[in-house]
Each structure stands twice: as structure tokens, then as C-alpha cells.
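What the coordinates show
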Amino acid sequence: MQHEDTLQVMRLDPKHTCSRVWENKRVKSSWLAQTFVEEVKTNPTVPVMSLKATMQRNINSGISLSKARRAKNKALKILEGLDGHHLKSPYGGQLLSAVGLDANNMTWVIAYAQVEMETKDSWIWFLQMLVKDIELANQYGFTFISDKQKGLVEAFEEVVPNCDHRFCARHLSTNFSLVFKGKLLKDAMWRAAFATTVPKFMRAMELLRTLDGEAYTRLTAPERPPRHWSRSHFNTSLKCPILLNNLCESFNSWIMSTRSKPIISMMEEIKVKLMRRIQMRRDLTMRWERAICLRPLAKLETSKKTSC
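Residues numbered from 1 in each chain as written. Predicted model: local features only at pLDDT ≥ 70, side-chain atom pairs only at ≥ 80, totals over all residues. Heavy atoms only, no water.

Side note on the overall build of the protein
Looking only at helices and strands, one finds 13 helices and four strands in the protein. Of the roughly 20900 Å² of accessible surface on the protein, a fraction of 56% belongs to carbon and sulfur atoms. (Helix = DSSP H or I, 4+ residues; strand = E, 2+ residues; numbered from the N terminus. Areas by Shrake-Rupley, 256 points an atom, 1.4 Å probe, with all protein chains shown as cover.)

See the structure below:
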């Protein structure tokens, strides 16, 4: 009605001719994460396909597999907080871990839990325990890569000054992209990181300077020397081209469900998970008919063909 907050229905047709739409683009992954956070909390290792079916059944709408995966990851972040290394038990604290890769492409894991938060003293304690456990006598044969955590750089200089220390290029790129937007600048930064010779590195940095002088100044600052993040300046005697800290990131994601338990229970479960994985890999190797592993064997065969 005019001048009144009322509504008058002029016509009512109970028969609908429009078709039902299964896909709803308004269903966002952030809303799904908030809605199904309890399901993820109950089973953090739930397969994405199963979680997708549960979501579709409950909201009666189609969801893509990638959207369900993003919703699960966001739900895990809601549970675990911003820093995945923090322990979520009532006692709090940190889980400091080291994941290694030797010359035979074999990995090893060492983890320690402590109540204190990340400080220089805590990292010094961690590195001293690590040096003792792996019997690191000759420091010149080891390379450490980290996300440049608070106090870790100073701890490296004090405990293992003769080891090479690198910064994770992905972590460096993330912080770089927060200040300097655009794909061109990001690609220029990665071109400098992947450069294998000093001339290639200089050309990549010159390109970056023509694109943005401030971005060039940031990457050439004294606290970011290229020997820490560019292959062109790595120690050639170590033969280690790794730029990313993916080993630790994968390990932290793998043990995510254990961080809410008390320290002893958490360490026991991590030990059991590692023992099961080692046995699984051992069972797989028993099926091999050759003395060389499959992936090195494929590289060897490729090298044979290219050398002819």
C-alpha cells in the first residue's frame, strides 16, 4: 500500500516452470569451512571426496572438488591457528623439527617439543641437540634451509657457523608479493632465484630494476644476500640446488592431527606414524628386481641416452 510498510500479493501461481539449479556459485569455501569445521575437527585426515559428499548432502548443492579442498584447508587453519608449528594441547609450546635429505635422496626426521616459544635461546637449544644427535662433526658438508624464523639466523651463526644457511625462496616470494604486486615482478624475482650462473642472476636483477627500483632495492638489501636464496651464489662443493623448504612443510602437514595431544602422546604418535611409513616403503622396495631404486634408475637411463 502507498505510504505503508505492507505488501499486497496481486497474483499467485503455485505451479513453477523454472528448472532447479544444482550448482550454486554463492556457496563460498570460507562459508563451507565455518559450517563444517566440526566435521574436520573430528577427522582431520578425512578424504576430500568424502568431505565433498557430506557437504553436498547437507546443503543440497553441488560443490567442486577444488572448492571442497579449499574449504578443508581453511577449516584446518581455523583449528590450528596461523602458525602450524604451535602445539594445541593445554600445555602449549612449540614443536621444533628438522627434516633432512642425504646424498642418496633418503630423508630423516628429528623433532623436539618444548614449552617456550620461538626465541634465539630456544633455537640454540634445538640446534645443539640436533648437532649432538646427528653427530655433526664436519659442518662444512651440511646445508640448512629455513623460513627465517625469529632468532634462527643468530642461532645458526653461534652453533653452526661453518654450515651453509639458505632462506626458503617461496617464503621470500610471499613476503615480496605482499609489498610489490604483479606477476611481472614475481616472475623476475623467481628468475633471479633459479639463475644458475652469476651473469644470469645479474641480468635478472637488471630486469627487476627496470620494472621497479624499490623491488630491486629490497632484494639487494644486506640482510638478503643472494648466497642465501639464489642458485647462482650457492656453494658448488655441496651440490645441493634446493630452494624450497617443502620437506618441513610436508612433515608439519602430515603430523597436523597430533599437535592437539599432550607432548608424550604426540611424540609417540609421530614415532608410530614414522615407523609405519618406513615399513610401508620397505615393503615397496622388496618388489624391486634391481639394486637401484626406480627414480634414480630412470635418471640413469636418461643420462645414458643423452651421453651417446
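Observations regarding the nonpolar core
Side chains of a nonpolar character, in soluble globular proteins, are inclined to be buried together. Formed by 21 residues in total, the largest nonpolar core has its most connected members in Phe176, Met189, Met205, Leu208, Leu219 and Trp229. With six residues, helix H8 (residues 183–194) is the largest single contributor of residues to this core. With near-sequence residues (within four places) excluded, Met205 lies in contact with Ala192, Tyr216, Leu219, Thr220 and Trp229. Counting residues in hydrophobic clusters, the runner-up holds 15 residues, among them Leu96, Ala98, Leu136 and Phe144. (Core = buried A, V, L, I, M, F, W, Y, C linked by side-chain atoms within 4.5 Å. Buried < 20%, exposed > 50% of the residue type's maximum accessible area, 1.4 Å probe, protein only. Contact = heavy atoms within 4.5 Å.)

Observations regarding helix H7 (residues 169–179)
Within the span of H7, buried status applies to Ala169, Leu172, Ser173 and Phe176. The arc that holds every buried residue of H7, seen down its axis, measures 100°, which confines them to one face. Those residues of H7 that are buried lie in contact with strand E4 (164–167), H8, helix H9 (198–211) and helix H10 (213–219). (Arc of directions from axis to C-beta.)

Considering the pattern of salt bridges
Per the counting criterion, the structure on display carries five salt bridges. Asp187 is the salt-bridge partner of Lys183, the closest N and O atoms lying 2.7 Å from each other. Residue Lys183 and its partner Asp187 are located together in helix H8, separated by four residues, close to a single helical turn. The salt bridge partner of Glu268 is Lys271, with a shortest N-O separation of 3.4 Å. Highlighted residues: Glu268 and Lys271, both in helix H12 (residues 263–285), separated by three residues, approximately one helical turn. Judged by relative accessible area, which is 40%, Glu268 ranks as partly exposed. (Salt bridge = Lys/Arg side-chain N within 4 Å of Asp/Glu carboxyl O.)

Quick look at the packing of aromatic side chains
Enumeration according to the criterion identifies four aromatic pairs in this entry. Judged by centre distance (5.1 Å) and plane angle (35°), the ring pair of Phe176 and Phe180 falls under tilted. The class of Phe180 is buried, set by a relative accessible area of 8%. Taking the ring centre of Tyr216 as reference, the NZ or CZ of Arg209 above it sits at 4.5 Å. Taking the ring centre of Trp254 as reference, the NZ or CZ of Lys273 above it sits at 4.7 Å. (Phe/Tyr/Trp six-rings, centres within 6.5 Å; stacked < 30°, edge-to-face > 60°. Lys NZ or Arg CZ within 6 Å of the ring centre and 35° of its normal.)

Looking at the environment of Gln279
On the secondary structure map, Gln279 appears in helix H12. Of the polar contacts made by the side chain of Gln279, one reaches the side chain of Arg282; its length is 2.9 Å. (Polar contact = N/O pair within 3.5 Å; in protein donor to acceptor, adjacent residues only side chain to side chain.)

Here we look at the packing of H8 against H9
One way to put it is that H8 packs onto H9 with a least axis distance of 8 Å and a crossing angle of 160°. In terms of axis orientation, H8 runs roughly antiparallel to H9. The handedness of the crossing between H8 and H9 is left-handed. Residue-level contacts link Leu184, Leu185, Ala188, Arg191 and Ala192 of H8 to Phe201, Ala204, Met205, Leu207, Leu208 and Leu211 of H9. Of the residues in the contact of H8 with H9, the class split is 10 nonpolar, no polar and one charged. (Axes fitted to C-alpha atoms, helices over the stretch in contact; angles between N-to-C directions. Parallel < 35°, antiparallel > 145°, perpendicular 65-115°, else oblique. Left-handed = near helix turned anticlockwise from the far one by under 90°. Nonpolar A, V, L, I, M, F, W, Y, C, P; charged D, E, K, R; others polar.)

Quick word on the pairing of E4
Sheet topology note: the strand E3 (residues 143–146)/E4 ladder contains four bridges and is parallel. Paired with Phe144 across the bridge in E4 is His165. (Pairing = 2+ DSSP bridges.)

Section: the side chain of Ser146
With respect to the secondary-structure elements, Ser146 resides in strand E3. A distance of 3.0 Å separates the side chain of Ser146 from the side chain of His165, its partner in a polar contact. Apart from the residues within four sequence positions on either side, Ser146 is in contact with Leu152, Phe156, His165, Arg166, Phe167, Cys168 and Asn245.

What about the environment of Ser230?
Secondary-structure assignment places Ser230 in the loop between H10 and helix H11 (246–254). The exposure class assigned to Ser230 is buried, which follows from its relative accessible area of 0%. Sequence-wise, Ser230 and Thr196 are 34 residues apart; in three dimensions their C-alpha atoms are separated by 7.9 Å. At a separation of 2.9 Å, a polar atom in the side chain of Ser230 contacts the side chain of Ser232.

Some thoughts on the environment of Lys181
Structurally, the position occupied by Lys181 is in the loop between H7 and H8. Between the alpha carbons of Lys181 and Ala215 there is a distance of 10.0 Å; along the sequence they are 34 residues apart. Side-chain polar atoms of Lys181 contact the backbone oxygen of Leu178, separated by 3.3 Å.

A few points about a nonpolar patch on the surface
On the surface, a nonpolar cluster with roughly 210 Å² of combined accessible area is contributed by Leu101, Ile242 and Leu247. Mapped onto the elements of the fold, Ile242 is located in the loop between H10 and H11. By relative accessible area, which is 33% here, Ile242 ends up partly exposed. (Patch = residues over 30% accessible without salt bridge, like charges linked within 9 Å, V, L, I, M, F, W, Y side chains within 5 Å.)

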